[in-house]
Every structure is written in C-alpha cells, then in structure tokens.
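# Architecture at a glance
Residue strings, one per chain:
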Amino acid sequence: MPVLDAIDLAIMRATQAGLPLTPEPYQSLATQLGLTADDVMKRMQYMADLGIIRRIGAVPNHYKLGYRFNGMTVWNVPDAYIDELGQKVGALDFVSHCYHRPRHLPHWPYNLFAMVHGKTQLDVDRQIASIAAILGDHNLGSDVLYSTKILKKTGFRSGI
Amino acid sequence: MDDIDRNIINTLQHGFPVCDRPYLQAATELGLTEQELLDRLQALLDDGTLSRFGPLYHAELMGGALTLAAVKVPEHRFEEVTEIINAFPEIAHNYARNHELNMWFVIATETPEQLQQTIDAIEQHTGLTVFNMPKINEYFVGLKLEA
C-alpha cells in the first residue's frame, strides 16, 4: 500500500473538483498550495504511476452523450472461472466497470458485475448477448438492473 | 455539441498530459489553439456534457474504503428509507433500481472499519438487511463512451 503524505493529500483535495482551466494548471495548483509546479507535476505523475490517479481527463455525463440505457448486468458464474471470464468481459469496449462481488444466497446468486451503456434498448440487448456468448456454458443465470432514479449523487468521484 | 467537441471528448477521455502547458499540447494534437480548447472544455462543463475534467482517484489506494450495498425496501417505505440512507454523509451515490433489491448505494469512508459501522447504523435506523457487496476483484474500470 503506497503511502501518501500531507502534500499529496492537499493536491488530491485541490483537484477533487477538477483540474484548473488555466494555461498552466499545475502552476495554478502550485500557487494555491505554496508549492512549485515541478513538485505538483512530479507528485501527480507519481500518483498516476502507482494507479492512485486512475487517469487524468474528461469524464462525460452518459445521459448528455445520449447513453440513456445504463444497465448493471449481473451474472452467476462458477468461482473457478470468474477471473478468466471477468478479464474477457472487462475487455469489451462497451463495459465501463467489471467486478467480482460476493453472492448473498439465496437472495442474490450473482458474482460478476458488468456495467454497460447504450443509446437504445437494442444496443444494450446486443451487448448483453455478447457477454452471454463469452460466458457460454459458465453462465448459470443473469439479470440486468437499470437505474430508475438517482436518489443521491455527491461530488465524490472515483472508479467504483 | 459539434464534431470538434466530440473529438475533444473522445480523445481526452483517455488521458491528459502532465507538463507545463498540457492544454497547449492536447490542443495541438486536436488541431486547436490552447484558448479554443480551454473555452470548449469550460462550455462542455457548463452545459453538463462533461461532469468533470481532471484526475480520477482510486479511493482504496488512497487509503479510503468503498463498497456497493443494496437493500430491499418495501414500496410504502421507499421515501422514508431514502431519507434515512441519504442522510449518512458516507453515502456517495444512491440509485433506485428495478429489482427486488431496489435501492443500491455506494458507501465511501476513510477506513474499512467505518464501512461496517455505517452498514450497522443503516440496518439499525431502517430495520432492513443491508446486502454488502464489496469488490473481490476488479477486472476493468474506465469510461470509453463514444461521443
């Protein structure tokens, strides 16, 4: 587990809302935090190299881009195959998040989660069929949950 | 949104440089001036096409803890339970979903112990069972939505 110091955390807090839209954004952050631009860039590059920063870039709003069908597809696959299958499903270009999560039997039999995004229901149906084809005989059951309402959304952004 | 905006969104979803003039570098690759790129990014943020521009942090590697959890809420209690759960500052997102488990939320805390404390408190305040589904393994996280 990499250890962040107080300065890393200060950079993190200062960029939670985003990178400054100024010609020299790292200099802007440095000025705000009493550091040098080189220091800010080195630390951010270090956090990116460690994967603490997953990436720097644009985060689009799905709905605004026309992706109105955002489905959480969930699958029951044998534990012995889940890592191999999860890698394959995660590599599909329409899957934005793919995780192994615990079952809660008998209420919840699904252990593989893949978020898919489409502009039409037909798009999503095709994506689900592609995932099913990859899983083949290891697909012991599946469901797809659509969000019907956002009940809370904070500024917190991370890659869950 | 025109083709230039689409190109900006598609290109800058994949990464952004760490250097003295990163907007200049990205703009050059996009065939724009630095000021044009800055103006367009501001406009895309202002109209909500982009929800954010900047670093995306990995919460667990920062020392924090995250989990996804779900509850089965009786229809007549849905509003009341939404209020109770949303009142916890640890709840980052909460969605209604079309399933028997009809409320799904992300809990974010500074330590793993606080996750369990939050789950216990939600169970106590709502009288409902919280199905905790922390990730066991992550196969992919990224956004690659063609604009």
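Every value quoted in this text rests on a predicted model; they were computed, and no experiment measured them. (Residues numbered from 1 in each chain as written. Chains lettered and ligands numbered in written order. Predicted model: local features only at pLDDT ≥ 70, side-chain atom pairs only at ≥ 80, totals over all residues.)

Tallying the contact residues gives 61 residues for chain B and 65 residues for chain A. It is strand β1 (residues 50–57) of chain B that contributes the most residues to the side of chain B that touches chain A, eight residues altogether. In the side of chain B that touches chain A, the residues fall into 35 nonpolar, 18 polar and eight charged. Here strand β5 (residues 142–153) of chain A runs beside strand β3 (residues 91–97) of chain B; their pairing, made up of five bridges, is antiparallel. Across the sheet, serine 147 of chain A pairs through a bridge with arginine 97 of chain B, a residue of β3 of chain B. (Contact = placed C-beta atoms within 7 Å. Helix = DSSP H or I, 4+ residues; strand = E, 2+ residues; numbered from the N terminus. Nonpolar A, V, L, I, M, F, W, Y, C, P; charged D, E, K, R; others polar. Pairing = 2+ DSSP bridges.)

Before going further, it helps to spend a moment on the pairing of strand β4 (residues 112–118) of chain A. All names here are of chain A. Among the seven residues that make up β4, six are buried, leaving the element largely enclosed by the rest of the structure. As judged from the seven bridges shared by strand β2 (residues 69–75) and β4, these two strands associate in the antiparallel manner. Following the sheet pairing, tryptophan 75 is matched in β4 by leucine 112. With five bridges joining them, strand β3 (residues 95–100) and β4 adopt antiparallel strand pairing. When the bridges of β4 are listed, cysteine 98 appears paired with alanine 114. (Buried ≥ 20, exposed ≤ 12 C-beta atoms within 10 Å, placed from the backbone.)

Turning our eyes to something else, we now look at the packing of helix α1 (residues 6–15) of chain A against helix α2 (residues 25–33) of chain A. All names here are of chain A. Between α1 and α2, whose axes approach to 11 Å, the crossing angle comes to 115 degrees. As α1 packs across α2, the resulting crossing turns out to be right-handed. Counted together, Ala10, Ile11, Ala14 and Thr15 of α1 and Leu29, Gln32 and Leu33 of α2 form the full contact between these two elements. (Axes fitted to C-alpha atoms, helices over the stretch in contact; angles between N-to-C directions. Left-handed = near helix turned anticlockwise from the far one by under 90°.)

Omega for the peptide link from leucine 105 of chain A to proline 106 of chain A comes to 0 degrees, which places this bond in the cis form. For proline 106 of chain A, the position within the fold is in the loop between β3 and β4.

With that out of the way, let us pick up helix α3 (residues 37–50) of chain A. With 14 residues, α3 of chain A should reach 20 Å at 1.5 Å per residue; the first-to-last C-alpha distance of 20 Å fits that figure. Of all the residues in α3 of chain A, the buried ones are Val40, Met41, Arg43, Met44 and Met47 of chain A. Each buried residue of α3 of chain A sits inside an arc of 170 degrees when the element is viewed along its axis, so together they form one side. In α3 of chain A, the exposed positions that point more than 90 degrees away from the buried face belong to Asp38 and Asp49 of chain A. Summarising the contacts, the buried residues of α3 of chain A are in contact with α1, α2 and β1 (53–60) of chain A together with β1 of chain B. Following α3 of chain A by one or two positions, glycine 51 of chain A has its phi on the positive side, about 85 degrees. (Expected span 1.5 Å × (residues − 1). Arc of directions from axis to C-beta.)

Glancing now at the domain arrangement of chain B. Domain annotation of chain B identifies domain 1 (3–46) and domain 2 (65–132). Centre-to-centre separation of domain 1 of chain B and domain 2 of chain B, based on C-alpha positions: 38 Å. (Domains from an automatic or database assignment.)

Residues and elements named next belong to chain B. With 47 residues, the main nonpolar core has Phe105 and Ile107 as its most contacted residues. Looking at which element gives the most residues to this core, the answer is strand β4 (residues 103–109), with six residues. Aside from chain neighbours lying at most four places away, what touches isoleucine 107 is Leu66, Thr67, Ala69, Glu90, Ile91, Leu115 and Thr118. (Core = buried A, V, L, I, M, F, W, Y, C linked by C-beta atoms within 7 Å.)

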